[in-house]
Amino acid sequence: MKRFTSFRADFTASLVVFLVAVPLCVGVAVASGVPAELGLVTGVVGGLLTGLLPGSSLQVSGPAAGLTVLVFEAVKEYGLGALGALVLAAGVLQLVMGALKLGRWFRAISVAVVQGMLAGIGLVLIAGQLYALTDAKAPGSGLANIGGFPGLVTSTAGSRDALAALAIGAGTIAVLVLWPRWRPAARVLPAPLAAVALATTAVWALDMPVARVQVSGLLDAIQPPGLDDLGRLGSVGVLGTVLAFALIASAESLFSAAAVDRLHDGPKTDYDKELMAQGAGNAVCGVLGALPMTAVIVRSAANVQAGAKTKASRVLHGVWLLVFAAAFPAALGVVPVAALAGVLVHAGCKLIPVRALGPLWREHRGEAVVLLATAIAIVTVNMFEGVLIGLLMAVAKTAWETSHVHLEIHTPEDTAEPVQVRAVGNATFLRLPKILDQLESLPADRDVELDLSGLRHLDHACGSALTNWAEQHRRSAREVELVS
């Protein structure tokens with residue numbers, strides 16, 4: 001009975017993930033400058049192959065927006081035929097990195113950075129999908145999408161077709177919010193499935209002029225790399241692109257794994273095995289000439305929120321992608337794009353920790369700053385560089401907080417005796433201005449005994465500064481005794 005209950009949860013979750021995956025697969029492919037079908041091929045491989053391999057039990061893989069610009073530039077520079085060779089080489093490099101157990105280093109990730117990553121991705125997702133709600137094309141980057149909102153409002157207000165699509169998208173979001181409150185129905189059918197089904201029925205019944213999902217056959221789009229394409233891997237420029245593919249895909253996947261692990265109470269990720277699973281998936285995608293693969297936090301979060309219990313949900317989502325996109329592409333043609341955009345907007349909102357931000361700001365302001373900075377950087381730059389900025393800020397914050405140092409100053413009444421100064425804590429360059437201000441405030445006409453034995457750490461900058469201060473104090477004909 002327990003096994004049946006688990007499979008039922010995985011089955012319904014897989015359908016939810018499938019509905020979330022379709023617009024992501026197609027949208028990322030189009031934005032990358034390749035046929036839409038190649039995005040679906042990567043989604044299928046992410047489900048059927050990577051989904052079966054050990055690593056993370058609930059994380060879902062497929063084409064991701066984080067590599068869109070890099071893929072677009074690679075295709076523009078080397079051609080579509082070389083894409084498979086690049087992805088294949090990147091997958092092999094990931095397999096090597098996993099075998100060397102380099103994935104474990106990604107476990108040291110600040111909670112604030114992970115939450116900031118989720119919030120940033122949610123904001124980027126919402127900004128892009130607001131255009132899809134009205135059957136409009138998004139300008140591109142996060143900032144461009146945000147800057148285009150006034151024009152989007154104006155163009156939507158003047159178009160009946162856009163208003164019809166907006167009604168479908170807004171209705172989908174309303175169902176997603178209200179459906180869980182109808183608990184008997186929610187136990188039978190997840191809210192995303194109910195929302196998309198109702199939206200599709202409304203469009204069909206009212207014959208509304210809205211865009212629908214368009215997919216053709218997959219076989220014609222598959223272009224395995226040739227010998228000439230593989231031979232280009234020897235050039236420096238191509239190797240740099242391969243390295244960028246591998247590092248960015250690995251970082252996004254393992255950052256996503258850390259985020260997904262915080263969303264559920266099940267088995268946690270084995271980072272080295274997950275890195276090898278991603279490498280195997282990318283190697284197969286390369287052989288098929290498809291897009292590179294990463295773990296996608298939006299799909300993964302939808303998988304967890306839909307109640308998935310095991311890896312069966314992500315494997316089944318690959319089956320649905322294969323069946324509906326390859327065998328029955330016309331079946332997707334009845335689903336309105338605005339409804340799927342509504343699902344993504346709702347998913348993006350859930351990734352933003354609005355309720356947690358207030359208490360975090362009151363209790364741990366530094367962590368809140370790291371969270372906000374990471375989210376803003378992802379929106380303004382891109383996910384990979386945004387996470388790096390967040391990690392650097394987290395390291396800097398930790399360094400500042402751990403570099404506490406104070407001077408215990410005892411000034412004897414007898415002026416013949418030296419002023420005794422004892423430094424305690426961690427003396428780093430971050431606290432150097434404070435240390436020097438206190439030392440320079442000491443009486444210039446008194447000898448000083450500076451005891452450094454209470455320091456747990458003294459970096460080179462502080463050591464040099466203290467030595468220079470002692471020499472300057474001696475020039476005033478006073479003695480300074482350094483005790484270490």
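Please refer to the structure placed before this passage.
The rules we used
Residues numbered from 1 in each chain as written. Predicted model: local features only at pLDDT ≥ 70, side-chain atom pairs only at ≥ 80, totals over all residues. Heavy atoms only, no water. Helix = DSSP H or I, 4+ residues; strand = E, 2+ residues; numbered from the N terminus. Buried < 20%, exposed > 50% of the residue type's maximum accessible area, 1.4 Å probe, protein only. Contact = heavy atoms within 4.5 Å. Areas by Shrake-Rupley, 256 points an atom, 1.4 Å probe, with all protein chains shown as cover. Lys, Arg positive; Asp, Glu negative; His and termini not counted. Charge placed at Lys NZ, Arg CZ, Asp CG, Glu CD. Disulfide = S-S within 2.5 Å. Axes fitted to C-alpha atoms, helices over the stretch in contact; angles between N-to-C directions. Parallel < 35°, antiparallel > 145°, perpendicular 65-115°, else oblique. Left-handed = near helix turned anticlockwise from the far one by under 90°. Nonpolar A, V, L, I, M, F, W, Y, C, P; charged D, E, K, R; others polar. Salt bridge = Lys/Arg side-chain N within 4 Å of Asp/Glu carboxyl O.

(A) Summary view of the overall build of the chain. On a plain count of helices and strands, the chain comes out with 21 helices and six strands. Taking the principal axes of the C-alpha coordinates as reference, the chain spans close to 100 × 55 × 55 Å. Taken across its 484 residues, the chain has 50% of its residues classed as buried. Excluding contacts between residues fewer than 6 apart, the proportion of contacts in the chain whose partners are at least 24 apart in sequence is 79%. Carbon and sulfur atoms provide 65% of the accessible area of the chain, an area that totals close to 22500 Å². Averaging the locations of the 34 positively and 34 negatively charged side chains of the chain gives two centres separated by 14 Å.

(B) Summary view of the state of the cysteines. Applying the stated criterion across every chain yields a total of zero disulfides. Here C25 is not cross-linked by a disulfide; its sulfur's nearest cysteine counterpart is in C285, at 10 Å.

(C) Examining the packing of helix α5 (residues 111-132) against helix α16 (residues 337-350) more closely. At a closest axis distance of 8 Å, the pairing of α5 and α16 adopts a crossing angle of 160°. For the element pair α5 / α16, the angle class is roughly antiparallel. You can see that α5 and α16 cross each other, and the crossing is left-handed. Contacts from G122, L125, I126, Q129, L130 and A132 of α5 reach α16 at V337, A338, A341, L344, V345, G348 and C349. Here the contact of α5 with α16 is built from residues that sort into ten nonpolar, three polar and no charged.

(D) Region of interest: the pattern of salt bridges. Across all of its chains, the model carries three salt bridges by this definition. Its salt-bridge partner being E367, residue K397 comes within 2.7 Å of it at the nearest N-O pair. Taken together, the positions of K397 in helix α19 (residues 383-402) and E367 in helix α18 (residues 365-380) put the pair 30 residues apart, joining distant regions of the chain. One salt bridge connects R422 with E408, and the closest N-O pair in it is separated by 3.9 Å. On the criterion of sequence distance, the pair formed by R422 in strand β4 (residues 419-427) and E408 in strand β3 (residues 405-410) is long-range, its members being 14 residues apart. Take E408: its relative accessible area is 38%, and that puts it in the partly exposed class. Each member of the salt-bridge network shares a partner with another, and the members are E408, R422 and D451.

(E) Expanded view of unusual backbone geometry. A positive phi is found at K101, a non-glycine position, where the angle reads about 60°. Here K101 is to be found in the loop between α4 (83-99) and α5. What makes K101 partly exposed here is its relative accessible area of 44%. Phi angles above zero are rare outside glycine, and D135 is one such case at about 60°.

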